[in-house]
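# Working through the structure, step by step
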Amino acid sequence: MKTEYIERPDLLTEEGRRGIARAGKIIREGGLVVFPTETVFGLGGNGLDADAAAKIYAAKGRPSDNPLIIHIAKPSDAAEYTETNDLFDRLASRFMPGPLTVVLPAKPIVPKTVTAGLRTVAVRCPSHPIAHALIEAAGVPIAAPSANLSGSPSPTTFAHVRDDLDGRVDMILGGECEIGVESTIVRIDSPDSLTLLRPGGITPEELGAFARVTLSDAVLNKLKEGERVQSPGMKYKHYAPKTPLFLLKGDSEGRERFLANETGRFAVIAYTEELSVLGKHPENPVLFDLGSENDRAEQLHRLFYLLREADKTGCEKIYAALPGTEGLSLALYNRMIRAAAYRIIELN
Ligand code: TXA
Ligand code: MG
């Protein structure tokens, strides 16, 4: 299929708005449109059309037992597709529109292909203006997984989307993804408790002001063979560059010492503060700047972008520091251990 592109959709112009209207029509009529959100790019189709959902799975190469998030224009629309409750309303008034996805019991209007046969469905109200305009233009909720081929890091730039999905979707809209990793996903378990299924830009600490938060086991740990998962996506290999990534557990001196002895062609996704020392390495490693050591938001923003760029260097290995698990670091940790297929090197 020939993919139409709008690299810089602009809602301020008549032409830009016409483009979004066209994209909305494509969705409404069963086609696929990739669009930017504040987290990562989404691969969207009509969330009420079972065939559109099937097309999404095919375009991504995704197993059809991994359900999709439906994206809505305003929080109150959630009640059309799910059984909402008081805790949802309180979370929505604080965090929506924004990078929070909530899993709730699905109403029958939601196709089984979207929920992968589960009784629940995940809903999210994105804050990105293009995403918002597209949902409004479509006039239907938009089912959208991240716009990567299954297994790869989620795309956060127009060029990275094109690398994966050119020729597989009807249209690609460009734009900026401010956060850079996927939304925080929670499941509401009772009026005052929820389970964090996937960490993201909204932290457990922030959610803790609204309910008791339990971390799903799969957030921090590798699932055991055959273990039952609370969120189907967690059992799959994820976010992985093709080049093996290794995470270094230890402080900056430990990393320096370890990397000083490393030979061959390797890349390092390093903190800004480490670049000058690593730049003196005799093997001339390929250095990527993840951001300042204490700026977790910037690191999240750059992580998926850099994993994809590191893959293009032809290096044999990629090294990065293993982050902590407090606050925004939890989302980094969760993505990085999967991207590294749980390869962690303990430094002493
Ligand atoms: O930021 C995001 O959430 C992005 C943008 C495009 O909105 N979307 C995204 O979708 O990350 P996806 O499909 O790549 O990840 C959704 C995750 C999957 O791991 C899936 O298993 C889980 O959400 N999920 C979806 N519906 C669920 C449900 N009913 N119960 C539990 N987990 C669910
Ligand atoms: Mg994904």
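### Brief notes about the packing of aromatic side chains
- Under the defined criterion, the tally for this structure stands at five aromatic pairs.
- Aromatic side chains F246 and Y319 sit 5.8 Å apart centroid to centroid with 40 degrees between the ring planes, which places their arrangement in the tilted category. With F246 in strand β12 (residues 245-249) and Y319 in strand β15 (residues 317-321), the pair connects residues that are 73 residues apart, well separated along the chain.
- Residue F246 is classed as buried on the basis of its relative accessible area of 19%.
- Members of the aromatic cluster, joined through ring pairs, are F246, F258, F266 and Y319.
- The lysine or arginine in question, K317, covers the ring of F246, its NZ or CZ lying 5.7 Å from the ring centre.
- One cation-aromatic arrangement involves R343 over F246; the distance from NZ or CZ to the ring centre is 5.1 Å.

### Re the environment of E298
- Note that E298 resides in helix α12 (residues 296-311).
- As for E298 and E178, which are separated by 120 residues in sequence, their C-alpha atoms are 9.3 Å apart.
- In contact with E298, other than residues within four places in its own chain, are L290 and G291.
- Within the local environment of E298, its side chain forms a polar contact with the side chain of R302, the two groups lying 2.6 Å apart.

### Topic: the nonpolar core
- Residues V34, L43, F88, L91 and L100 are the most contacted members of the largest nonpolar core, which totals 44 residues.
- Residue assignment for this core shows that the elements contributing at least two residues are α2 (50-60), α3 (78-81), α4 (86-95), β5 (100-105), β6 (120-124), α7 (158-165), β9 (184-190) and β10 (193-198).
- Per-element accounting of this core gives the leading share, five residues, to α4.
- Apart from residues no more than four positions distant in its own chain, L91 is found in contact with M96, L100, V186, I188, L194, L207 and F210.

### A few points about the pairing of β5
- Of all six residues in β5, five are buried; the element is thus mostly enclosed.
- Pairing analysis gives four bridges linking β5 to β9, with the strands arranged parallel. Bridge assignment links L100 to a residue of β9, and that residue is T184.
- Taken together, the five bridges between β5 and β6 define a ladder with antiparallel strand orientation. Within β6, the position partnered with P105 by the bridge is T120.

### Brief notes about the domain arrangement of the protein
- Split by domain assignment, the protein resolves into domain 1 (4-219) and domain 2 (245-346).
- The gap between the C-alpha centroids of domain 1 and domain 2 is 29 Å.
- Each partner contributes to the interface: domain 1 provides 29 residues, whereas domain 2 provides 17 residues.
- Three residues stand out in domain 1 for area buried against domain 2, namely P153, H160 and V181, and they jointly supply 30% of the buried area on that side.
- Viewed at the interface, domain 2 and domain 1 are joined by three salt bridges.
- Across the pair R308 and D164 runs a salt bridge whose closest N-O atoms are separated by 2.8 Å.

### Quick word on the packing of helix α1 (residues 14-28) against helix α6 (residues 129-138)
- Two elements in contact, α1 and α6, have axes separated by 7 Å at closest approach and are oriented at 55 degrees. As judged from the angle between their axes, α1 and α6 are oblique. Handedness of the crossing formed by α1 with α6: right-handed. Contacts between α1 and α6 involve I20, A21, A23, G24, I27 and R28 from the former and I130, A133, L134, A137 and A138 from the latter.
- Class assignment for the residues of the contact of α1 with α6 results in nine nonpolar, one polar and one charged.

### What about the sheet that holds strand β13 (residues 266-270)?
- Spatially, five strands are ordered β14-β13-β15-β12-β16 in an open sheet, and the strand pairing comes out parallel. The outermost strands of the open sheet, each flanked by one partner alone, are β14 (286-289) and β16 (344-346). Adjacent strand axes in the sheet meet at a mean angle of 25 degrees, parallel and antiparallel pairs treated alike.
- Both β12 and β15 contribute to a ladder of four bridges, which runs parallel. Paired with L245 across the bridge in β15 is I318.

Basis of the calculations
Residues numbered from 1 in each chain as written. Chains lettered and ligands numbered in written order. Predicted model: local features only at pLDDT ≥ 70, side-chain atom pairs only at ≥ 80, totals over all residues. Heavy atoms only, no water. Phe/Tyr/Trp six-rings, centres within 6.5 Å; stacked < 30°, edge-to-face > 60°. Helix = DSSP H or I, 4+ residues; strand = E, 2+ residues; numbered from the N terminus. Buried < 20%, exposed > 50% of the residue type's maximum accessible area, 1.4 Å probe, protein only. Lys NZ or Arg CZ within 6 Å of the ring centre and 35° of its normal. Contact = heavy atoms within 4.5 Å. Polar contact = N/O pair within 3.5 Å; in protein donor to acceptor, adjacent residues only side chain to side chain. Core = buried A, V, L, I, M, F, W, Y, C linked by side-chain atoms within 4.5 Å. Pairing = 2+ DSSP bridges. Domains from an automatic or database assignment. Buried area = accessible area lost by both parts, 1.4 Å probe. Salt bridge = Lys/Arg side-chain N within 4 Å of Asp/Glu carboxyl O. Axes fitted to C-alpha atoms, helices over the stretch in contact; angles between N-to-C directions. Parallel < 35°, antiparallel > 145°, perpendicular 65-115°, else oblique. Left-handed = near helix turned anticlockwise from the far one by under 90°. Nonpolar A, V, L, I, M, F, W, Y, C, P; charged D, E, K, R; others polar.

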